[in-house]
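Structural features, examined
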Amino acid sequence: MNYQQKIILYIVVILFFSTSTFAYNRPHVINIYKENYHAANKNWSVGQDERGVMYFGNDIGLLEFDGIDWELHSMPNSTIVRSVAVLSHKTLFTGGYEEFGRWDRDISGKLKYTSISNLLKKFHSKNESFWKIWIGKNCVYFQSFNSIYIYDYKTVKELSSTRNFLFLLKVRNEFWVQEMHGSLFRLVDNKLQKIEGSDLFHNSDVRVILPFSSNKYLIGTSSKGVYIYDGKKFTEWNASLSKLLHSEELNCGILSTRGSYLLGTILGGIYEVDKTGKIVDHISSNNVLQNNTILSLHEDNLGNVWAGLDRGIAYIGYLKNMSCYIDSGGNIGTVYGASIWHNKLFLATNQGVFYISKDELGTLKALSVTKLINNTQGQVWSLNIIDDRLYCGHNSGIKEIHEDLSVTEPFSAETGVYKLTEDKIKGQDVLFLSTYNCLKIVQKLTGKVYNMKQIPEPIINTEVDHLENIWLEHSDKGVYKCRLSDDLKKFQSFKYYGGDSKDGLPYKLKIFKAYGRMLFLGNNDKFYTYNDIIDKIIPNNELNHCFRSIKDLKQIVHIHNNLFWAITASAIYKFTYDGYEAHLIESYNVGANNNLSLVNAYENISVLNDSVSLVCLDNGFILYKNINKNTAYKKLRSPYLESLKETNKNGDYKYIDLTVHAEVSHQFNTITFSFSVDNAFASGLSFQYILEGVEKKWSSIQKINKVSYARLPKGKYIFKVRTVDNFGNYSEPTCYEFEVLPPWYQTVWAYLLYLIAFSLAFYITRLMILKRYKNLHLQRVRARESRQLKVENEILQDEIEKKNAELLTQSSFIIQKNEFILKMKTMLDSLYAKNTNKSLIPLFQKMNALLNNGMDTENDWKMFLIKFEQKHRGFFKRLITSYPELTNNDLRLCACLKLDLDSKDIAALMNISVRAVENNRYRLRKKLDIKPSQNLNEFFLSME
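So, here's what we can say about the structure. The structure presented is a predicted model; accordingly, all values stated were derived computationally and were not measured.

**A closer look at the pairing of strand β49 (residues 536–539)**
Relative to β49, strand β48 (residues 527–531) runs antiparallel, the two being bridged by 4 bridges. Bridge pairing in β49 links Asn 531 to Lys 536.

**Quick word on helix α9 (residues 888–898)**
Where burial is concerned, most of α9 is hidden: 9 out of the 11 residues are buried. Residues of α9 that are buried: Asp 890, Leu 891, Arg 892, Leu 893, Cys 894, Ala 895, Cys 896, Leu 897 and Lys 898.

**Focus on the packing of helix α10 (residues 903–910) against helix α11 (residues 914–928)**
In contact at an axis separation of 8 Å, α10 and α11 are set at 105° when each is read in the N-to-C sense. Comparing their axes, α11 and α10 come out roughly perpendicular. Between α10 and α11, the residues in contact are Ser 903, Lys 904, Ile 906 and Ala 907 and Val 914, Val 917, Glu 918 and Arg 921, respectively.

**Observations regarding the pairing of strand β40 (residues 439–443)**
Summarising burial for β40: 5 of the 5 residues are buried, a large majority. Of the two faces of β40, the one lined by Leu 439, Ile 441 and Gln 443 and the one lined by Lys 440 and Val 442 are each fully buried. Here strand β39 (residues 428–435) runs beside β40; their pairing, made up of 5 bridges, is antiparallel. Bridge pairing in β40 links Leu 433 to Lys 440. Hairpin geometry of β39 and β40 is characterised by an intervening segment of 3 residues between the two adjacent antiparallel strands. In this structure, β40 lies alongside strand β41 (residues 449–452), joined through 4 bridges in antiparallel fashion. Paired with Ile 441 across the two strands is Tyr 450, which belongs to β41. Connecting β40 to the next strand, β41, in antiparallel fashion are 5 residues, including Gly 447 with a positive phi near 80°.

**Considerations on the nonpolar core**
Of all hydrophobic cores here, the largest spans 27 residues; its most connected members are Phe 875, Leu 879, Ile 906, Leu 924, Leu 928 and Phe 940. Elements supplying a minimum of two residues to this core: α7 (858–871), α8 (875–882), α9, α10, α11 and α12 (936–941). Looking at this core element by element, the count peaks at 6 residues for α9. In terms of nonpolar packing, the next biggest core, distinct from the first, is built from 25 residues, Leu 636, Ala 662, Phe 687 and Tyr 717 among them.

**Observations regarding the packing of aromatic side chains**
Tallying each qualifying case throughout the model produces 62 aromatic pairs. Seen in terms of ring centroids, Tyr 418 and Tyr 436 are 5.0 Å apart; in terms of plane orientation they differ by 50°. Their pairing is tilted. One end of the pair, Tyr 418, is in strand β38 (residues 417–425); the other, Tyr 436, is in the loop between β39 and β40, with 18 residues separating them in the sequence. When its relative accessible area of 12% is taken as the criterion, Tyr 418 is described as buried. By relative accessible area, which is 24% here, Tyr 436 ends up partly exposed. Put simply, the rings of Phe 673, Phe 675, Phe 687, Tyr 709, Tyr 717, Phe 719, Tyr 736 and Phe 738 touch in pairs and so form one group of aromatic residues. Positioned above the aromatic ring of Tyr 640, the side-chain terminus of Arg 51 is 3.6 Å from the ring centre.

**A closer look at the packing of α9 against α10**
Contact pair α9 / α10: the axes reach a minimum separation of 10 Å and the direction vectors enclose 135°. On the basis of the axis angle, α9 is oblique to α10. Crossing angle aside, the handedness with which α9 passes α10 is right-handed. In this structure, α9 uses Asn 889, Arg 892, Leu 893, Cys 896 and Leu 897 to contact α10, whose residues at the interface are Ile 906, Leu 909 and Met 910. Along the lines of polarity and charge, the residues of the contact of α9 with α10 split into 6 nonpolar, 1 polar and 1 charged.

Rules used throughout
Residues numbered from 1 in each chain as written. Predicted model: local features only at pLDDT ≥ 70, side-chain atom pairs only at ≥ 80, totals over all residues. Heavy atoms only, no water. Pairing = 2+ DSSP bridges. Helix = DSSP H or I, 4+ residues; strand = E, 2+ residues; numbered from the N terminus. Buried < 20%, exposed > 50% of the residue type's maximum accessible area, 1.4 Å probe, protein only. Axes fitted to C-alpha atoms, helices over the stretch in contact; angles between N-to-C directions. Parallel < 35°, antiparallel > 145°, perpendicular 65-115°, else oblique. Contact = heavy atoms within 4.5 Å. Core = buried A, V, L, I, M, F, W, Y, C linked by side-chain atoms within 4.5 Å. Phe/Tyr/Trp six-rings, centres within 6.5 Å; stacked < 30°, edge-to-face > 60°. Lys NZ or Arg CZ within 6 Å of the ring centre and 35° of its normal. Left-handed = near helix turned anticlockwise from the far one by under 90°. Nonpolar A, V, L, I, M, F, W, Y, C, P; charged D, E, K, R; others polar.

The following block contains the structure:
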């Protein structure tokens, strides 16, 4: 299966040219220098491992490129790397200034350097550089101008000579070296054997030794040309080539798998020559190469070539079946279409119609000899051959180009014409002119032109289906389905689809036809078909499934029968569709990523014949010739896991051995997988990944080589990564199982501790609950007792209040009684004094005696004291106990003071004067030893 060339870096494209029209595979050249500024330095040597990873010996170190990312590895003291030799993906060797050694890939997937020169006991490398490294059967050779060092993977030995060495070169399984400006030698059993007849290379530098034929050698020098050595003698190969290479100084070379030689020079870039010495291509700064000084060349696993330049790296890639013609000088402009007519290739461009003969197309400078046809100047949209007549859709109308290259207008279009198509409708042969303002129909028999003015809009394409419906593609939005009148003069009816019709279809629709049936490509990357039974445009499931992983579709071009081209913004796809099944069969990256820019908004492929197509570009064109008709599908290689890194929240990290099942500590639960695949750059491969246990579906297709998952929870996971090509084909996934261990607080020991703690907590909780229930029980008992006491207290309080009331009533009664008696006695004494009747004297005396008896308070006091004692139990007992000298009158006064009576009430109660009360209070204060500052009433009130 053909592969699509994917380029992720900033690139500049130039071309190989061939002497064989349509047959020679012209590659594109990519100057890599902007996406990785390290590549812009001198690149002295190039190597590749079995996985397609590229290595470059650079002015500032060793550059590694896995097809996705670049990485710089610095030598000790950041010295230059002049030579690289790759043993495997795990091990390679480099040589530089005063140093040579090996790089080994560790568990992190990174290369680590080990010096080999340190193994030498006496190593004098002052100002010495190592220019060549070759890997032999059981050893590695490191060559400087002074010596050759042989490393057997344990020790290092020195092979010296009386004269200095130039370059150690490997041809087949032999090693050749030239003494400085001297003869050639073979290295046999680590000994130098002079090659007879090589003295002719004295005072010249042998830069290239390559296989020639089955048993001969091609010897290239810097100043004496190129020779063939047959084992006996040296013969000059091609005099004209030798002269050219002498003037431009041959520097390096390789024999490609295509059988041609690529020779790099100091002054003239790269020459590709065939086995006769004939130059078939020249790549130089004149056709966009970064510069002309070629320091190294290397052919990769897929037959593409990498060139180390004096400044930068050039990638010479080959698109199978494709030959690129790039107009770096802008001679022809943007190409919109093409046709082959009378052994000439005609190009429709924005500057006019250009032509070139098929013979001239095979020359090195094909585009420089293209010629503009007079009177075609201006924008040309299309070229169409009808009845062996060449028409061009022009900005000024329709033009016909005759065999003598004269130009006429076969009929008046009165406006610009996008496209001219031929069909038969209503039994008549007609031409459809898709123009700037409407569809025009030309009756071939009469030459009459009819304007379909019912749809006065720009029409860019026209098709007729099996029901003789005419379909018009608007230049900027939807499509029209029209029915033509029998006289061809107007549309009987028409219906609009897409655009702003609100019919659910995309705004922009492109039309194409398969087996008479109309098909549509929407600007949503979906395909539709017209169902004439229900008179609706419906989705086409077969095509949509076929292109499910392809985005940004721009145009569909019919080749023949069931073959079609699909064009995107950056690639073209060849596919089959028979109305029932659709299959992609080829894909090519010819878009902006390769700087092979398609014509924006007017992407097109012109079908020149059944096997040759021309891809239109902004700056030239690409010729496609279907040479490999039965290319077998190659199963995609599964990716490789390079490393697994685990990181903690502080940024500390460590790597895990991928050969064992990983157990990731929960503290280091942010993991990063690094992966790669064979020839990712040249094959345009991408990746998809999924982490089972976290994600439910595969990721989007991406050009990455690592992916991270942050803070994974505990559990078992399976990481899967697979390779994806441009057809949407998938490789078998590469899987890796690992487990994120639980945090310390979720381990078995932690759970055991939790169990113990839980048991202890349960026991303590039980005790606390029991204690609480006990307290609650006590509280309920106390509450019950409190309620009982409260009730009793209320009863007692009621009794006290009752006693108080009784006591108050008793005291009030006594006081009022005594006051009443005193008033009565006072009134009686007043009457007695005023009375002059002696007969009333006995009455007064008797009444006075009765009042005096009423003043006898002893009984009142007994009752009063009984009531007082009922309220204030033990008051008198405590008082007498504390103050035994108190008299009965003192006790009575104390009771009155306890009741907080004032002196007047006390006097009335005790039937004495207020003055006597005050005196009694004074005496009582002394007996009780109460300070003058203390209130006597408060003293008794405070007593219980």
